[in-house]
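Listed below, chain by chain, are the residues.
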Amino acid sequence: MDYKKAGVDIEAGYKSVELMKKHVMETMRPEVLGGIGGFSGAFSLEAIKGMEHPVLLSGTDGVGTKLKLAFIMDRHDTVGIDCVAMCVNDVACAGGEPLFFLDYIACGKNVPEKIATIVSGVAEGCKQSGAALVGGETAEMPGFYPIEEYDLAGFAVGVVDQKDLIDGKDLAAGDVLVGLASSGVHSNGFSLVRKVFEKELTREGLDTYYEELGRTLGEALLAPTKIYVNALKGIKDAGVKVKACSHITGGGFYENIPRMLKDGTRAVVKKDSYEVPAIFKMLAAKGGIEEQMMYNTYNMGIGMVVAVDPEDVEKTMEAVKAAGETPYVIGSIEAGEKGVTLC
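Residues numbered from 1 in each chain as written. Predicted model: local features only at pLDDT ≥ 70, side-chain atom pairs only at ≥ 80, totals over all residues. Heavy atoms only, no water.

1. Things to note about the overall build of the protein
Inclusion rule: Labels follow the DSSP assignment, with helices taken as runs of H or I lasting at least four residues and strands as runs of E lasting at least two, numbered in each case from the N terminus. Here a residue-residue contact requires only that any non-hydrogen atoms of the pair lie within 4.5 Å. Computed with a 1.4 Å probe, the accessible areas rest on the Shrake-Rupley method; for each residue, only the protein chains presented here act as cover. Positive charge is attributed to Lys and Arg, negative charge to Asp and Glu, and no charge count is given to His or to the chain ends. The atoms used to mark charge sites are NZ of Lys, CZ of Arg, CG of Asp and CD of Glu.
Across its full length, the protein carries 12 helices and 14 strands. Considering only residue pairs separated by 6 or more positions, the protein has 85% of its internal contacts joining residues 24 or more positions apart. A total of about 15700 Å² of accessible surface is found on the protein, and carbon and sulfur atoms cover 52% of it. Across the protein, the 35 positively charged side chains and the 49 negatively charged ones have centroids separated by 1 Å.

Structure representation (structure tokens):
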């Protein structure tokens, strides 16, 4: 008896590392010390010495059951972007710059080419956000995961000067809410998605083209989560102070927008201020999901919300567009009980 006969292929692990190296190297920043394969990732903090009061930020998340669609479609090159996005968007939401990222892949069987493809997506997410992929772990766990399945999670570390921290303390009635368009469902609510599209969860079903979506159902659902790091950096570089910010993830508008508010302020969002993407309309109609539940589960086409002074709205919109994203003025801040009103 040996480890391989028990289901763990050490040689496959070595091959996975070799195949993923080229992707990892593409994410390197000058602050990364040492090479790939050490017991820990080393990152120099020399570059942040100029900050008055540097504050470290961190975020951790996974891709969730969206992975089930990747298994069915046998497409594994985008879920890594989702994993990075869910973490770095949280860091950027606090005003931070993502510095580095680590991933964790647990699988039933280590297929080196598949693992390398997953990591290529992680690396792409890191490149989009400017974070270095400084390490990770691939755990082969036979008997725990089915041989064709895996889980993917990770965490990011970033930094912000304390004076630039976005904490909502200066939020005031009259401030304007600018929403940044999402790419679709992102990485939340897929247990409900899978229940609604239960009969379509086959390769044939997901490969079916829908005119209203302009693509196949699988392409619409697997579209990677938007990374908003560059858009938020662009707003800051334009001289705009973001007073508050919310990453619209699990819990949708009703749970996430109140997290950006201070006591005595209320967000008012106008539902007709932008076009809700077709995938959400299809999901609601097919599943018979009430509107309130949709806005309490999904991003409904808005992946990030920032609150700015009315005088800064135009500069904010231009900065977001310059970063390649689509902005909408979706509402405003009013005095009142902390919470959100959709009208």
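Let's pick the thread back up.
2. Digging into the layout of surface pockets
The condition is simple: Using a 1 Å grid laid over the protein atoms alone, points where a 1.4 Å probe fits but cannot get out form a cavity; open sets with protein on both sides within 12 Å along at least 5 of 7 lines form a pocket; any residue with an atom within 4 Å of a point counts as lining. Grid points are joined across faces, edges and corners, and a volume is the space filled by probe spheres set on the points. Under the scheme applied here, ten amino acids are nonpolar (Ala, Val, Leu, Ile, Met, Phe, Trp, Tyr, Cys and Pro), four are charged (Asp, Glu, Lys and Arg), and all others, including Gly, are polar.
Approximately 550 Å³ is the volume found for the second largest pocket. Taken together, 30 residues line the second largest pocket, and the ones lying closest to its centre are G95, G96, D164, L232 and K236. Sorting the residues of the lining of the second largest pocket by element identifies β4 (97-107), β6 (150-161) and α8 (229-237) as the ones contributing at least two each. The class makeup of the residues in the lining of the second largest pocket is 11 nonpolar, six polar and 13 charged.

3. Concerning the pattern of salt bridges
Worth spelling out the cut-off: Definition used for salt bridges: Asp or Glu carboxyl oxygen within 4 Å of a side-chain nitrogen of Lys or Arg. A 1.4 Å probe rolled over the protein chains alone gives each residue an accessible area, and that area as a share of the maximum for its type sets the label: buried under 20%, exposed over 50%, partly exposed in between.
One pass over the structure, following the stated rule, counts 21 salt bridges. Between K271 and E291 there is a salt bridge; the shortest N-O distance is 2.7 Å. Here the residue K271 occupies a position in the loop between β11 (265-269) and α10 (278-287), and E291 occupies one in helix α11 (residues 291-295), the gap between them amounting to 20 residues. Take K271: its relative accessible area is 24%, and that puts it in the partly exposed class. For the salt bridge of K281 with E275, the shortest nitrogen-to-oxygen distance reads 2.4 Å. When its relative accessible area of 43% is taken as the criterion, K281 is described as partly exposed. Within this structure, E26, E124 and K127 form a network of salt bridges that share partners.

4. Overview of the environment of E200
Our working definition: In protein, a polar contact means a hydrogen-donor-capable atom and an acceptor-capable atom, both N or O and within 3.5 Å, with residues adjacent in sequence counting only if both atoms are side-chain atoms; elsewhere, any N or O pair within 3.5 Å suffices.
Along the polypeptide, E200 turns up in the loop between α5 (190-196) and α6 (203-206). Between the C-alpha atoms of E200 and V32, which are 168 residues apart in sequence, the distance is 45 Å. Excluding residues within four positions of it along the chain, E200 makes contact with G205, L206, Y210, L217 and K286. For E200, the side chain forms a polar contact with the side chain of K286, separated by 3.2 Å.

5. Thoughts on the sheet that holds β4
Working definition: the strands of a sheet are paired by backbone hydrogen bonds and lie parallel or antiparallel to each other. Definition in use: The pairing criterion for strands is at least two bridges between them, as found by DSSP. Angular values range over 0 to 180 degrees, each being the angle between N-to-C directions of two axes fitted as lines to C-alpha atoms, with helices fitted over their stretch in contact.
Reading across the sheet, the four strands line up as β3-β6-β4-β5 and stay open at both edges, with mixed pairing between neighbours. Because the sheet does not close on itself, it has two edges, and the strands there are β3 (54-62) and β5 (132-140). Here the strands of the sheet are splayed against their neighbours by 15° on average, with no regard to which way each runs. Here eight bridges tie β4 to β5, and the two strands are oriented parallel to one another. Note that in β5 the partner of F101 across the bridge is L133. The sheet strands contacting helix α4 (residues 112-129) are β4, β5 and β6, and the helix crosses β4 at an angle near 165°.

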